[in-house]
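# Residue-level structural notes
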Amino acid sequence: MNKKDKTKISFGKIGFGLSLNKGGTEAVDPEPTKCEETVNITEGGFGTFGKIIDSSDVPSSSSQTSSENVDGGTSSNEQGRKSKVAKDFDVEELVEKTIAQAKERHGDKYSSSDESEKSSEVKAKEQMEKLKIQNQDGEEAESEDEVIGPPLPPEMKNKSEEKEGSDDDEFIGPPMPSRSGEDDEESEEGIEEEDDEDDEEPEERPEEKVPQSHEVTLRHGTKAVSAMALDPSGARLITGGLEYEVKFWDFAGMNASLQSFRCVKPCESHPIKNVQYSTTGDMVLIISGNAQAKVLDRDGYEKLECVKGYQFISDMANTKGHISGLNDGCWHPKKKEEFLTCSDDGSLRLWLVDKPKEHHRIIKTRSKVGLRTAPTCCTFSRDGNIVACGCSDGSLQMWDHRKNFVNTLHLIRDAHMQGSETSRITFSYDDRGLATRGGDDTLKLWDIRQLKSPVHVAGELFNRFPMTDCGFSPDDRMVFTSISLKKGETDGKLLFFDRNTFEKLKEIRVSDSSVIRCLWHPKLNQVMVGCGNGDAKILYDPIKSHRGALLCMAKTQKKRKQVEVFTSQQVIAPHSLRMFRQERPRSTRKQLEKARLDPVKSKRPELPIGGQGILLPLFHLHFINPFPSLTTREE
């Protein structure tokens, strides 16, 4: 292409310039005139893009065209297309003219900066060259990339580039899939770096996780709270005491007055030793001093009662139920219809809710010499595969729930002092640790994989009650227990120990009486405590805790409606008739005096038949003195 062609773009009418003769042959006009050109423009079509055909290439003579028409119709068609000369427009001249006109109109703006004019001209030329190349190649540029209008100044251009860069950095939507293994490795490294940054932050110490900033007191009664349980969701609380009562508390239904919605005596005059919700939370197991365990529904109504065994049979396997008072009981963590009880008759019994008239399976506990020993506490492991109990001879005995209960799975004879009552046995959440609270004032931590000796021992923890609790924190990093008061002490405490070192991390004063029951709910993150003075206390933190006591404390107590009673004024009319006279209120003393004189109202006994000086018949005298002839000396 010539230089002249690069700077010019031609626009014109694409027309054939053909006309049909009467015979049907095509004829081409020799040379189109100006008027013919105008007529052709109105016929429709687009301008020509691409090569510009010079006028020298077009034949000028009419004789040549006529001869070609005679030779053939095809050549005449081609010549008709070439006969139309495209109009030439010089782009540089047009740009110069527009710039000159702009300077004349707005001379102040464009006279200030000559360099900006030159740069704009150069940019305009570059844009036009790009348009020419695109037209020659026949490629259409995308609408987003084309620049329409005059070029932007350099300052605005830099700002637009910065915005585009920021838009590229912002990524919305799911992450793009990795193209190769290298990208995966890079992403993993980035995640590890983020984790390392998070780990660098100071971790919260275990003792700081104990919720204790706030406290709520629930008044159960006047005697010790010997049993306490929360349902799995943490919506309701049950407390039982030594005054034979069981109270139900609903956190969502209570207000700041903290009143229970039901109080029952399920076992008549037997103290409550333990209560527990089932895994689904729809049933409650009640363990009392009676030989028969009871199951209540969620609202406190009796659902079933276990049968009592025949006490004159020596073999416990032949009896249908316990024959002595119960000590402890619990639900199976996986099977909602199965529960376990232990009694002073030396047996543990598994029951099914559908068959309360007879035990499902029985376990006999034996001492070192093979005699019967009484289990004082029992529990299941977290997965339900192990049944464990602590006996009155100080031993810990465990069986496999999936096998026959003939031989023990684990046996520790000297776990606690002989003759002391092991009050609680609890498995950790990972089922590797075991904590026992003994009547010998000790708290011991065991490892299930090695039970020959305890891992840690904490002593001098006074224990007065046979149901003193112990347990693990929800993260398994701490072990907590409660202590009883000795003579002269006034502080009931809750102690927290580190599981790894058994160092005492925290000591919380809860009450001025002994602390018996304690449990830490993992979902609510609240600590429930049962005290010896009849109070049940809830320790919580508004930031760390959830629901539970926060629900009832947020509700204000409703004000009682005051009822106004108006009494009618008494009209005193002494001279009115009796039927219209209003009776005055008289004192009860005169009424009692009148009732005393009335023999019917006073229920006076009948007077004797005989009066003074009347002789009785001889028949009555015979019964009074059967030997009338005998004197006192002869008698």
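Residues numbered from 1 in each chain as written. Predicted model: local features only at pLDDT ≥ 70, side-chain atom pairs only at ≥ 80, totals over all residues. Heavy atoms only, no water.

### Thoughts on the overall build of the chain
Each helix and strand counted, the chain has 13 helices and 32 strands in total. Residue burial in the chain is summarised as follows: out of 635 residues, 36% are buried. If you take every contact in the chain between residues at least 6 apart in sequence, the share linking residues at least 24 apart comes to 51%. A total of about 41600 Å² of accessible surface is found on the chain, and carbon and sulfur atoms cover 50% of it. (Helix = DSSP H or I, 4+ residues; strand = E, 2+ residues; numbered from the N terminus. Buried < 20%, exposed > 50% of the residue type's maximum accessible area, 1.4 Å probe, protein only. Contact = heavy atoms within 4.5 Å. Areas by Shrake-Rupley, 256 points an atom, 1.4 Å probe, with all protein chains shown as cover.)

### Quick word on the nonpolar core
By size, the foremost hydrophobic cluster in this structure holds 18 residues, and its most contacted members are Leu 218, Phe 251 and Met 528. Core analysis: the next-biggest nonpolar cluster, separate from the first, contains 14 residues, Phe 480, Phe 496, Cys 518 and Val 529 among them. (Core = buried A, V, L, I, M, F, W, Y, C linked by side-chain atoms within 4.5 Å.)

### Details of the UniProt feature "repeat: WD" (unreviewed entry) in the chain
Within the UniProt annotation, "repeat: WD" (unreviewed entry) is assigned to residues 218-250, 319-351, 380-400 and 415-449. The distance separating the terminal C-alpha atoms of residues 380-400 is 10 Å; by composition the span is 0% helix and 57% strand. What you have in residues 415-449 is 0% helix and 40% strand, and the ends, taken at the C-alpha atoms, are 16 Å apart. (UniProt positions renumbered as here; feature names shortened; annotations may be inferred.)

### Quick notes on the side chain of Ser 226
Tracing the backbone through its elements, the reader meets Ser 226 in strand β6 (residues 225-230). On the accessibility criterion, Ser 226 (1% relative accessible area) is buried. Only 2.3 Å separates the side chain of Ser 226 from the backbone oxygen of Ile 272, close enough to count as a polar contact. Setting aside residues up to four positions removed in sequence, Ser 226 forms contacts with Gly 240, Gly 241, Leu 242, Ile 272, Lys 273, Met 467 and Arg 517. (Polar contact = N/O pair within 3.5 Å; in protein donor to acceptor, adjacent residues only side chain to side chain.)

### Digging into the sheet that holds β6
Strand order in this open sheet of 4 strands is β6-β7-β8-β9, and the pairing throughout is antiparallel. Edge positions in the sheet fall to β6 and β9 (262-264), since each of these pairs with one other strand and no more. Averaged over all pairs of adjacent strands, the angle between strand axes in this sheet comes to 15 degrees, irrespective of strand direction. For strand β7 (residues 236-241) and strand β8 (residues 246-250), the ladder comprises 5 bridges, and the chain directions are antiparallel. Opposite Thr 239, over in β8, you have Lys 247 as the bridge partner. (Pairing = 2+ DSSP bridges. Axes fitted to C-alpha atoms, helices over the stretch in contact; angles between N-to-C directions.)

### Description of a nonpolar patch on the surface
Judged by side-chain polarity, Leu 577, Met 579 and Phe 580 come together as a nonpolar surface patch covering roughly 400 Å² of accessible area. Here Phe 580 is to be found in the loop between α10 (549-553) and α11 (588-597). (Patch = residues over 30% accessible without salt bridge, like charges linked within 9 Å, V, L, I, M, F, W, Y side chains within 5 Å. Salt bridge = Lys/Arg side-chain N within 4 Å of Asp/Glu carboxyl O.)

### Observations regarding the pattern of salt bridges
Within the structure shown, the criterion is met by 24 salt bridges. Among the salt bridges present, the one from Lys 335 reaches Glu 338, with a minimum N-O distance of 4.0 Å. On the accessibility criterion, Lys 335 (37% relative accessible area) is partly exposed. The exposure class of Glu 338 is buried, given its relative accessible area of 4%. Each member of the salt-bridge network shares a partner with another, and the members are Asp 328, Arg 424, Asp 469 and Arg 517.

### Considerations on the sheet that holds strand β24 (residues 443-447)
Taken in spatial order, the 4 strands of this open sheet run β22-β23-β24-β25, and their pairing is antiparallel. Strands with a single pairing partner mark the edges of an open sheet, and in this sheet they are β22 (424-427) and β25 (456-458). Neighbour to neighbour, the strand axes of the sheet diverge by 15 degrees on average, direction disregarded. In this structure, strand β23 (residues 433-437) lies alongside β24, joined through 5 bridges in antiparallel fashion. Within β24, the position partnered with Arg 437 by the bridge is Leu 443.

### Re the side chain of Thr 442
Summarising the element assignment, Thr 442 is placed in the loop between β23 and β24. Every residue in contact with Thr 442, bar those within four places of it in the chain, is listed here: His 416, Thr 436, Arg 437, Ala 458, Gly 459 and Leu 461.

### Some points on the environment of Ser 423
With respect to the helices, strands and loops of the structure, Ser 423 is situated in the loop between β21 (410-412) and β22. Considered as a pair, Ser 423 and Phe 465 are 42 residues apart in the sequence and their alpha carbons are 7.8 Å apart. Within polar-contact distance, the side chain of Ser 423 engages the backbone oxygen of Thr 468 at 2.9 Å.

### Overview of unusual backbone geometry
Excluding glycine, residues mostly carry a negative phi; peptide bonds, for their part, are mostly trans. In this model, Tyr 244 sits at a positive phi of 75 degrees, which is unusual for a non-glycine residue. Residue class for Tyr 244 comes out partly exposed when judged on its relative accessible area of 26%. Of note in the backbone geometry, Glu 460 takes a positive phi value of approximately 60 degrees without being a glycine. Looking at the element boundaries, Glu 460 is found in the loop between β25 and β26 (470-472).

### Details of the packing of aromatic side chains
Enumeration over the complete set of coordinates arrives at 7 aromatic pairs. Ring centres of Phe 480 and Phe 496 lie 5.9 Å apart, and the angle between their planes is 40 degrees; on these two criteria the pair is classed as tilted. One end of the pair, Phe 480, is in strand β27 (residues 478-482); the other, Phe 496, is in strand β28 (residues 492-498), with 16 residues separating them in the sequence. The class for Phe 496 is buried, based on a relative accessible area of 1%. Aromatic side chains Phe 497 and Phe 502 sit 5.3 Å apart centroid to centroid with 15 degrees between the ring planes, which places their arrangement in the stacked category. An identical accessibility class is assigned to Phe 497 and Phe 502; each is buried. In this structure, Arg 382 packs its charged tip against the face of Tyr 429, placed 4.1 Å from the ring centre. (Phe/Tyr/Trp six-rings, centres within 6.5 Å; stacked < 30°, edge-to-face > 60°. Lys NZ or Arg CZ within 6 Å of the ring centre and 35° of its normal.)

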